[in-house]
Amino acid sequence: MALSKASVETLIDLVEIKLSCVEVYDRDDSRELLNLQRCKDELARLIGRAETAPAELVVIRQRGRRRGRRPSA
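For clarity, every value in this text was computed on a predicted model and none was experimentally measured. (Residues numbered from 1 in each chain as written. Predicted model: local features only at pLDDT ≥ 70, side-chain atom pairs only at ≥ 80, totals over all residues. Heavy atoms only, no water.)

Trainee: Got a sec to walk through helix 2 (residues 27-46)? Specific residues and values, please.
Mentor: One turn of an α-helix holds 3.6 residues; hence residues three or four places apart share an orientation. Helix length check: helix 2 (20 residues) gives 29 Å between terminal C-alpha atoms against 28 Å at 1.5 Å per residue, within 8%. Taken as a whole, helix 2 has its buried residues at Asp29, Leu33, Leu36, Gln37, Lys40, Leu43 and Ala44. Projected down its long axis, helix 2 shows its buried positions confined to an angular sector of 125°, all on one face. Seen from the buried face of helix 2, the exposed residues on the opposite side, beyond 90 degrees, are Arg27, Asp28, Arg31, Asn35, Arg38, Glu42, Arg45 and Leu46. (Helix = DSSP H or I, 4+ residues; strand = E, 2+ residues; numbered from the N terminus. Expected span 1.5 Å × (residues − 1). Buried < 20%, exposed > 50% of the residue type's maximum accessible area, 1.4 Å probe, protein only. Arc of directions from axis to C-beta.)

Trainee: Can you lay out the pattern of salt bridges for me, pointing to particular residues and giving the numbers?
Mentor: Following the criterion strictly, the structure yields 3 salt bridges and no others. Here Lys40 makes a salt bridge to Glu16, at a shortest N to O gap of 3.5 Å. Of the two residues, Lys40 is situated in helix 2 and Glu16 in helix 1 (residues 5-21); the sequence distance between them amounts to 24 residues. A relative accessible area of 31% places Glu16 in the partly exposed class. A salt bridge links Glu32 to Lys18, with the shortest nitrogen-to-oxygen separation between them at 3.5 Å. Placement of the pair is Glu32 in helix 2 and Lys18 in helix 1, with a sequence separation of 14 residues. Classification of Lys18 as partly exposed rests on a relative accessible area of 39%. (Salt bridge = Lys/Arg side-chain N within 4 Å of Asp/Glu carboxyl O.)

Trainee: With reference to specific residues and values, describe the nonpolar core.
Mentor: With 11 residues, the main nonpolar core is built from Val8, Ile12, Val15, Leu19, Val22, Val24, Leu33, Leu36, Leu43, Ala44 and Ile47. Not counting chain neighbours up to four residues away, the residues in contact with Val15 comprise Leu36, Cys39, Lys40 and Leu43. (Core = buried A, V, L, I, M, F, W, Y, C linked by side-chain atoms within 4.5 Å. Contact = heavy atoms within 4.5 Å.)

Trainee: Describe the side chain of Asp29, and please don't skip the residues or the numbers.
Mentor: Mapped onto the elements, Asp29 comes out in helix 2. As a buried residue without a salt bridge, Asp29 has its nearest oppositely charged side chain in Lys18, at a separation of 8.7 Å. Not counting residues within four places of it along the chain, the set of residues in contact with Asp29 comprises Val22, Glu23 and Val24. (Lys, Arg positive; Asp, Glu negative; His and termini not counted.)

Written as structure tokens, this is what we have:
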């Protein structure tokens, strides 16, 4: 099955949108992020647009309430 260059570029755009929406909270999210990045790189290689250096992945952690005992006063 062959894909046109326009179709591959559209798929790359969709993967980039998904990458920008992923929030990493656990290992599964981290794996999904890496899988999406590999997918983007593979698609880019299909149309000869491979990046020489891997893109920087940024992990955003949400600060929330801490679990555990209350601090002693």
